[in-house]
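# Structural overview
Okay, here's what each chain looks like letter by letter:
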Amino acid sequence: MHHAIIWLLSVELLGLAVLPLTYALFRRLPDRGLVLSKVLALLLVSYLLWVLGTSHILPNTQYSVIAIAAVLAGVSYGLMRRRLPDLVSFVKAERLPLLAAEAVFLALFALWVAIVYHTPAINHTEKPMDFAFLNAILKSTYFPPEDPWLSGHSISYYYFGHFIMATLTKLTAIPSNISYNLSIAILPALAGMGAFSLVYNLVRRSGADTLRAVLFALAAPVFVVLIGNLEGVLELVQARGWGSEGFWGWVSIKGLASGSAEGGLFPGDHLWWWRATRIIDTVRDGISLDYTITEFPFFSFVLGDLHPHASSLPFLVLNLALALNLLGSRSRIEPSWFLQRPWETAAITLSLGALAFINIWDLPVFAAILAVTVLAKSYGDRSGNVARTLLSTASFMAPVLLGAVLLYLPFYLTLDSQAAGILPTRDAMATRPFFFFLIWGLFLLAGGYFLLAQLATSGSLLGRNAGTLGFTLAVAVFPFVLWACIKMVVSPFEGGVADALGTVGSRLGKLLPGMAIVALALAGVLSRMREGGGTAAVFPLLMLGIAFYLLLGAELFYLVDLFGTRMNTVFKTYYQAWLLLAIVSAYGLYYGYANPLPSLGRMHGRFSRLLPLVERARKMTPCVWLGLVGALTIASLYYPVGAALDRAGQSREATLDGLAFLREHHPGEYEAIMWLRDEAPRGRIVEAVGGSYTDHGRISSSTGLPTILGWPGHEHQWRGSTREFDGREGDVEQIYTAGDSTMVHRLLETYDVRYVYVGARERARYGPDRFGAFHSFLKPVFRNSEVVIYQRAQTQPPGLVKTYRADAG
């Protein structure tokens, strides 16, 4: 466990290094953004290492990371030396929220260390891929890192999340098979702490005292990273044997059926907790027509994939905090704004640009959040003049977006993609309202009441500004109108106009409430900004509107990729919406509590006798609402408790070592990996090629040494075609099976292979007796009872073969 302490202390020290810079940057937030200093420090140190490594100025070493952090700390404290007394005084005055945030961070980190301690194995789902990227970055002297599964090519994927964790690994010198799991533990802690800070600042801006703001802000990490969706309730119902066959047929979630109960508190079938992330589907005649992924943060971290959508969460919160900080500026958004606030401009641009490098799906969404924030501020500053507001927004966003791309230009120059456009969804691509409620029920209740309460307590939405009203409605209905028009245009070729009209009408009925939420949220934003009523409720309204815009968009359009479905579109947009709605819901708890519904006033005539009853209902509504939110929150906690217990129960050994399963079951392979990673001179390898989500590619994944070809299916997804690796699988087979030493030697030279790995997978795939000829022209440099590693003679260093355990012969 000492590795976890070193990891934690390193993050804390990095946060302290930029504390003065954070204090100056977030000067408009009640907590001055100090809680986010850890996230900001990780971003700055990693970005500087990447830039200096890409330009071959500074190598990728521990000393380089230490030097960068030291210089950054010197700049931070040097520039702020005159304001350090103010910083110290502020920390003393605001110690309650700062200590509460730190307690949230430590508690979440401890929780996830405990979870990964019992589920450490890096051997399933996307873990081998993420581990491969982490190790490839660690093995790189300069950047971009070479693709561990396609030697000779740089990584063609958004990998900055892996890079940030690799930077922390370099700093701490913790082995990657341990730092991988510590990365899984630190990310939800950073995200939960950031969410706490964001909601705390919103509540304080609403006029609450410190203690009340802290208490309500505690809901944010719960909603963001600790709860599941309401599908868990169905798991309990099924586990107890409740529900008829007709009921489960109506539910229509794969794996949930009558007659499979075991009578326990939690389901007993293997990986039952996956079902909550595979809710939405349309099944006809046993065929899945709308298979989607509805993942949420707790599932991501309990599964343990170090994937971009999970890695991005702390940095999404950082971007939200920067946008909220901007919204509180008293200066108008105009060209001089950039010159007057160069550090804030740089932070916004750098942070926004990083999102594409971490998870490219996040850039357009959070650029839109920033744009709407600027639009709302400009609308208030310009007294509701729509034309001037749009011009001001464009003049701000254009240079920021340009800078966000230019700061990360080397990444874009090496990026390919499988994306092939955007298409309207087909008839089968539609979410049942019941499924939608299972996923979003809690947030609908909490966020929906917040929307109604703030509308009830605000003045006229848009007054008599017809232009703004038209703009609001146009924005809300535009995606649906565009989809409907496309549907009608192509209708003569896809079933006729009558069928298209029926589909459009049916879809309109389902999506109308969502469009109303978007329109009301945007109207509330513009109304409050024009009235100058403060920004506390504006930012949650803004997030609420964009979250539902995302959910509407996933019902109407999808990104075309190799899968041919809207699976990835739903996956990514729902994940983003989860973060936004979780934060809105946490703030909504406070808003609903602090802002009771206004009285209806007098009633006349026959309705006057109903006034006492109505008033009583009005006063009881917040209590009933809080009770329902509490009940759904408890229901949503069933899933994480059961999933964590089930996940931990699958482990035989408690450790942070993600390769401990190898050490136990295949010690020879484990020793070979450790030798290649820690002792052998760097060089490319060749190992057996196999399919995705198998044991193939494990040597390159675990060492960071590039192999000729790893998982072909993943390379196809990353690059959009097979052009760059066509023929490689056959060449690998030739290396292992051809009896012609000249041909094998030529292939090894072509791919500049230094090490030929022969283990259990190579013997199983290419035959156990195929490798005898290697002795005639390759030198065995490592051997044990399971593995022999050969080296090309041209690159062979002097010395004897490294032998472990029994000789493989």
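Above: the structure in question.
Just so it is clear, the structure is predicted and the values come from calculations on it, not from any experiment. (Residues numbered from 1 in each chain as written. Predicted model: local features only at pLDDT ≥ 70, side-chain atom pairs only at ≥ 80, totals over all residues. Heavy atoms only, no water.)

## Some thoughts on the packing of helix α3 (residues 37-54) against helix α18 (residues 342-358)
Two numbers describe a pair of packed helices, the interaxial angle and the distance between the axes. It is the contact of α3 with α18, at a shortest axis distance of 12 Å, that shows an interaxial angle of 70°. Taken as axis vectors, α3 and α18 run roughly perpendicular relative to one another. The hand of the α3/α18 crossing is left-handed. Where α3 abuts α18, its residues Leu 43, Leu 44, Tyr 47 and Trp 50 lie against Leu 350, Ser 351, Ala 354 and Phe 357. Split by residue class, the contact of α3 with α18 holds 7 nonpolar, 1 polar and no charged. (Axes fitted to C-alpha atoms, helices over the stretch in contact; angles between N-to-C directions. Helix = DSSP H or I, 4+ residues; strand = E, 2+ residues; numbered from the N terminus. Parallel < 35°, antiparallel > 145°, perpendicular 65-115°, else oblique. Left-handed = near helix turned anticlockwise from the far one by under 90°. Contact = heavy atoms within 4.5 Å. Nonpolar A, V, L, I, M, F, W, Y, C, P; charged D, E, K, R; others polar.)

## Description of the pairing of strand β7 (residues 778-783)
Among the 6 residues that make up β7, 5 are buried, leaving the element largely enclosed by the rest of the structure. Here β7 runs beside strand β8 (residues 788-792); their pairing, made up of 5 bridges, is antiparallel. Within β8, the residue paired with Lys 779 across the bridge is Gln 791. Joining the antiparallel neighbours β7 and β8 is a turn of 4 residues. (Buried < 20%, exposed > 50% of the residue type's maximum accessible area, 1.4 Å probe, protein only. Pairing = 2+ DSSP bridges.)

## Things to note about the side chain of Thr 292
With respect to the helices, strands and loops of the structure, Thr 292 is situated in the loop between β2 (287-288) and α14 (297-303). A polar side-chain atom of Thr 292 sits 2.9 Å from the main-chain carbonyl oxygen of Ile 280. Residues contacting Thr 292, with those up to four places away along its chain left out, are Thr 277, Arg 278, Ile 280, Arg 566, Met 567 and Val 570. (Polar contact = N/O pair within 3.5 Å; in protein donor to acceptor, adjacent residues only side chain to side chain.)

## Here's the deal with the packing of aromatic side chains
Taken as a whole and judged by the stated rule, the model has 59 aromatic pairs. Over the ring of Phe 105 we find Lys 38; its NZ or CZ atom is 4.9 Å from the centre of that ring. Of note, Arg 432 hangs over the ring of Trp 250, and the distance from its end group to the ring centre comes to 5.1 Å. (Phe/Tyr/Trp six-rings, centres within 6.5 Å; stacked < 30°, edge-to-face > 60°. Lys NZ or Arg CZ within 6 Å of the ring centre and 35° of its normal.)

## A closer look at the packing of α3 against helix α8 (residues 160-172)
It is the contact of α3 with α8, at a shortest axis distance of 9 Å, that shows an interaxial angle of 95°. One way to sum up the angle between α3 and α8 is to call them roughly perpendicular. Contacts between α3 and α8 involve Leu 42, Leu 43, Val 45, Ser 46, Tyr 47, Leu 49 and Trp 50 from the former and Phe 160, Phe 163, Ile 164, Thr 167 and Leu 168 from the latter. Grouping the amino acids of the contact of α3 with α8 by side-chain chemistry returns 10 nonpolar, 2 polar and no charged.

## Brief notes about the pattern of salt bridges
For the coordinates displayed, the defined rule picks out 24 salt bridges. The shortest N-O distance in the salt bridge between Arg 698 and Glu 669 comes to 3.3 Å. Residue Arg 698 is located in helix α30 (residues 698-703), and its partner Glu 669 is located in helix α29 (residues 667-678); the two are separated by 29 residues in the primary sequence. In terms of burial, Arg 698 and Glu 669 fall into one category: buried. With its nearest N and O atoms 2.9 Å apart, the salt bridge here joins Arg 698 to Asp 695. Where salt bridges share partners, they join Glu 146, Arg 684, Asp 752 and Arg 792 into one cluster. (Salt bridge = Lys/Arg side-chain N within 4 Å of Asp/Glu carboxyl O.)

These results come straight from atomic positions and should not be treated as a statement about function.
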